[in-house]
Every structure is written in C-alpha cells, then in structure tokens.
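In case you want the letters, here they are:
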Amino acid sequence: MTVVKLINSLFEDAVQMNASDIHIEPDEKVLRIRQRIDGNLQETLLKESGIASALVLRLKLMSELDISEKRLPQDGRFHIKVRKMNIDVRLSTLPVEHGEAVVMRLLNQSAGLLSLDQVGMPNDMLRRFRSQLHRPYGMILVTGPTGSGKTTTLYGALNELNIPDKKILTAEDPVEYRLPRVSQVQINNKVGLTFSNALRTFLRQDPDIILVGEMRDSETAEIGLRASMTGHLVLSTLHTNNAIDSALRLVDMEAPGYLVASAVKAVLAQRLVKRNCTECSEPEPVSSHHKVWLDSQYPAYSQQRFTKGKGCQTCNHTGYKGRIGVFELLEVTPELADALRANDHNTFTRLAQQQKGYRSLVDSALAMAVSGQTSLEQAISLSESAPLLDELEGNF
Ligand SMILES: [Zn+2]
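Residues numbered from 1 in each chain as written. Predicted model: local features only at pLDDT ≥ 70, side-chain atom pairs only at ≥ 80, totals over all residues. Heavy atoms only, no water.

**Looking at the overall build of the chain**
A count of helical and extended segments in the chain gives 14 helices and 15 strands. In terms of C-alpha radius of gyration, the chain reaches 23 Å, essentially the compact-globule figure of 21 Å for 396 residues. Taken along its principal axes, the extent of the C-alpha atoms in the chain is 65 × 60 × 40 Å. Taking all 396 residues of the chain together, the buried fraction comes to 48%. For the chain, long-range pairs separated by at least 24 residues make up 63% of all intrachain contacts whose partners lie at least 6 apart in sequence. For the chain, the exposed surface amounts to about 19,500 Å²; the carbon and sulfur share of it is 48%. (Helix = DSSP H or I, 4+ residues; strand = E, 2+ residues; numbered from the N terminus. Rg over C-alpha atoms; globule rule 2.2 N^0.38 Å. Buried < 20%, exposed > 50% of the residue type's maximum accessible area, 1.4 Å probe, protein only. Contact = heavy atoms within 4.5 Å. Areas by Shrake-Rupley, 256 points an atom, 1.4 Å probe, with all protein chains shown as cover.)

Given below as structure tokens:
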C-alpha cells in the first residue's frame, strides 16, 4: 500500500469509528497504529515497520513541519476532507527509540455542536445552569480533567448565548469549532499570544461575553476575575476534580479571596462515563467490595439494582456504546461567598454540600446507574476512593 492510501484509510477508519486521536508508534519490528475511541485506545493495525518513516515524513509535510528535524518534538496542524467532512488535525511528533511517534487529534468541524439539552444534564440542573448563563456579568467555571467533555458543554452554552446583540470573544487552544458571529482567537504561545495577552486585549474590544479556554496561571485568572466584575460574563475552565475544589483552587492560585467571592457565580464539574449498550444490558451483580463501599459511602444506593451490557455485535463486545456527561453544579450563594472571602475552606465545603439541589459527581453517576444509563462500575470509577478498593480486591 502506498503511503497516501494508508493515510486515507487511517482517516476513513478514524472517522467511521468516531475516534478522537490516532497514534502512530514505530516499534522495532512493527508499526503500531492505535485509535482512541470513547476514551479508550484500540489497536487497529500493524504494518511492516519499514513504512513508518515514509508515513511520518508525509504527515510532517502535510503539516508543514521541518522534515530534516527528527531529533526534536514538533507540532503542527493540517486539514483533511474525509467523506465530505472537514477534519482539522493537530499533530505532535516525538522522537522515540525507533523513529518518530506521531499523535494526531481529530477535530471534526462538520460534526455539529451539541446543544445544552443534549449534553446529558438532568432537567432541574439544566434550568439552574441556564439561569446562571443569562446573568449580565460574573464568572462561570466548567471543570474537569482533559477529555471530560468540558469543551462540548461550553460550546453548547456559547451557542445558546450567541445572539445578534451580544458580542462574544473567545481565546482557545485549540479552536475546536467555528461559531458564526463569534470572534475566536487561537492562542499561539510561540508568538506571545498567550491567554493573558488575549484577555487583556479583549477588554478593549467591547465584549459582552468572554470565553477563556483555560485559566492556566494566576495572571490569566486575575484578569478574568476582574473582567467578570466589570460588566462581562466570563466563561472558563479549570483542571480540578470537583466543583467545590474549584473555587478554593482559584484562591490557591493567588487570586484574592474577595475577588473570587464576588466574581464566581457558579461552578459546573463534569466527567464522561460510558453509556450502557441498550442491545445487551442485563442485571449487574454487585461484588462484595462494591457492596461494602456503597454501604459506607452511599447507603442510599446499597439496596439498588444496576445494569451493565454483557457485550454484543452492536457495542463491539464491550457492553458500552458512546459516553454521557455526569455533572455537579455549585451555585455560589452569598453565604458561600462569605466563606470564600474569609478563606474558610471547611465552612465553604460544608455549606456547599448542604446546598439545595447539590449532588456530587459520584452521587449523580450512581443515580444514572440506577436508571440504567451506565453501570455501577462506571459510577464508582468517578470516586476518588475507588482505586483503594481495586487494590483490596486481591485480598477478598
Ligand atoms: Zn451490546
């Protein structure tokens, strides 16, 4: 097979399987190609290792990288049309033992955005989140690790806010979807266009709504917080585990407590869990250590029944098909703001947990498991205390 044909079939496969990333990994004797589908890597084909260098060379040409440089990592991007779909590809190379490894992130511009109704938020939470979005100013944070669906939710929110009388500016890395009427800025650290620089300029562009892709440093956080205090609605993300930790994390990033207290209006934490395959779901037995865990941590669920796919052709014998969002929404009330201002972590956490309508991520996921949307196993995987149980498993 020629290299061009190989590349075409790689992208055809990836688009068909709805893969988010393609990994090209030259090994001593083989070329390993893996795709990330629904968050998991799947090995798709092995070729003679000889084709690896030609393949990588071609991909580097496509992304206008320096082909003579093989000893240093490089990154670039290119567009490719697959089945009439425009795919934006971000490529990163890494020199490894047997050549250069390449990872490509696929951003499908044609896939269409999900509306907020489609991200999987329960109705009552969606209603609360929407009313926060329609505030004239303040900061709303969406938090979670990479790959937790934050961007999808934020685009859903922006899409809803995107009306002719609102000026929206975004600073993103990468710009994943183009939105009509929105001025989207691709962050480029190489030329000095950082999140903080973009944000500073935004304030001179008379926006109503600003989206900052990520608050990586205290400078960006502080400008964002100040912007949200001066008549702008600011949306951003943080890499924190849950909603309660996020407000506290901002204070840890040296943002003054009084500023966080006045600016942050709501925090939405998000994860993705695998969705049970509807074709092969059956009752899921609860193992003894999961029972112990439920009894101690979530007794309300210890008598519940759960379901899980046993695996069939539809779900590629995994028992799961697609993923669904799990959410935790914290609204910053005056009492919570006071606790932040006083830098009182304990009171903040206690009040947050007692808030009407508040449900932790694990609690929300367990409720989804009871309704059959996901498995108990998936719900438990969101808990920070879960890994301990896996270690114990051998001792039971
Ligand atoms: Zn199935």
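Okay, back to it.
**Points about the coordination of the zinc ion**
By definition of the ideal shapes, a tetrahedral metal site with four donors has angles of 109.5 degrees and an octahedral site with six donors has angles of 90 or 180 degrees. The protein atoms donating to the zinc ion are Cys277 (SG), Cys280 (SG), Cys312 (SG) and Cys315 (SG), with metal-donor distances spanning 2.3 Å. Expressed as a motif, the donor residue spacing for the zinc ion is C-x2-C-x31-C-x2-C. (Donors = N, O, S within 2.8 Å, 3.2 Å for Na, K, Ca; no water.)

**Digging into the packing of aromatic side chains**
Evaluated as defined, the whole model comprises three aromatic pairs. Ring plane angle 85° and centroid distance 6.1 Å describe the contact between Phe11 and Phe78, whose orientation is recorded as edge-to-face. With Phe11 in helix H1 (residues 3–16) and Phe78 in strand S4 (residues 74–82), the pair connects residues that are 67 residues apart, well separated along the chain. Look at Phe78 and you get buried, because its relative accessible area is 6%. A centroid spacing of 5.2 Å and a plane angle of 85° characterise the contact between Tyr155 and Tyr177, whose relative ring orientation is edge-to-face. Of this pair, Tyr155 sits in helix H4 (residues 150–161) while Tyr177 is found in the loop between strand S8 (168–172) and strand S9 (183–186), placing the two residues 22 residues apart along the sequence. Residues Tyr155 and Tyr177 agree in their burial class; the two are buried. (Phe/Tyr/Trp six-rings, centres within 6.5 Å; stacked < 30°, edge-to-face > 60°.)

**Looking at the environment of Thr153**
Tracing the sequence through the fold places Thr153 in helix H4. A relative accessible area of 1% means that Thr153 is categorised as buried. Distance in space between the C-alpha atoms of Thr153 and Val119 is 6.6 Å, their sequence separation being 34 residues. When near neighbours in sequence (up to four residues on either side) are disregarded, Thr153 contacts Leu116, Val119, Met121, Phe129, Leu268, Gln270 and Phe327. Here the side chain of Thr153 touches Gln270 through a polar contact of 2.6 Å, side chain to side chain. (Polar contact = N/O pair within 3.5 Å; in protein donor to acceptor, adjacent residues only side chain to side chain.)

**Thoughts on the confidence of the model for the chain**
On average, residues of the chain score 90 in pLDDT, and 95% of them reach the 70 mark or higher. Of the regions scoring below 50 in pLDDT, residues 389–396 engages in five contacts with residues more than four places distant in sequence or in other chains. (pLDDT = per-residue confidence, 0-100.)

**Thoughts on the sheet that holds strand S7 (residues 138–143)**
Backbone hydrogen bonds are what pair the strands of a sheet, in a parallel or an antiparallel way. Strand order in the open sheet formed by seven strands is S9-S8-S10-S11-S7-S12-S15, with mixed pairing between adjacent strands. Of all strands in the sheet, those with a lone pairing partner are S9 and strand S15 (320–331), marking the two edges. Direction aside, neighbouring strands of the sheet carry axes that sit 15° apart on average. The sheet strands contacting helix H12 (residues 361–370) are strand S12 (264–276) and S15, and the helix crosses S15 at an angle near 135°. (Pairing = 2+ DSSP bridges. Axes fitted to C-alpha atoms, helices over the stretch in contact; angles between N-to-C directions.)

**Structural notes on the packing of helix H5 (residues 195–202) against helix H6 (residues 218–229)**
Look at H5 against H6: their axes get within 9 Å of each other, and the N-to-C directions meet at 20°. Viewed along their axes, H5 and H6 adopt a mutual orientation that is roughly parallel. In this structure, the crossing between H5 and H6 has a hand that is left-handed. Residues Phe195, Ser196, Leu199 and Arg200 of H5 lie in contact with H6, whose contacting residues are Glu219, Thr220, Ile223 and Gly224. Split by residue class, the contact of H5 with H6 holds three nonpolar, three polar and two charged. (Parallel < 35°, antiparallel > 145°, perpendicular 65-115°, else oblique. Left-handed = near helix turned anticlockwise from the far one by under 90°. Nonpolar A, V, L, I, M, F, W, Y, C, P; charged D, E, K, R; others polar.)

**Structural notes on unusual backbone geometry**
The omega torsion across Asp173 and Pro174 is 0°, close enough to zero to call that bond cis. Here Pro174 is to be found in the loop between S8 and S9.

**Quick look at the pattern of salt bridges**
According to the stated counting rule, one finds 20 salt bridges in the structure shown. A salt bridge links Arg71 to Glu69; the nearest nitrogen and oxygen atoms lie 3.5 Å apart. On the basis of relative accessibility, which here comes to 69%, the residue Arg71 falls in the exposed class. Judged by relative accessible area, Glu69 falls into the buried class, the value being 15%. Among the salt bridges present, the one from Asp88 reaches Arg77, with a minimum N-O distance of 2.7 Å. Linking Asp88 in strand S5 (residues 85–96) with Arg77 in strand S4, this pair joins segments that are 11 residues apart in sequence. Under the relative-accessibility criterion, Asp88 is labelled buried at 0%. Judged by its relative accessible area of 30%, Arg77 is partly exposed. Look at the salt bridges and you will find they share partners, linking Arg90, Asp173, Glu214 and Arg216 into a network. (Salt bridge = Lys/Arg side-chain N within 4 Å of Asp/Glu carboxyl O.)

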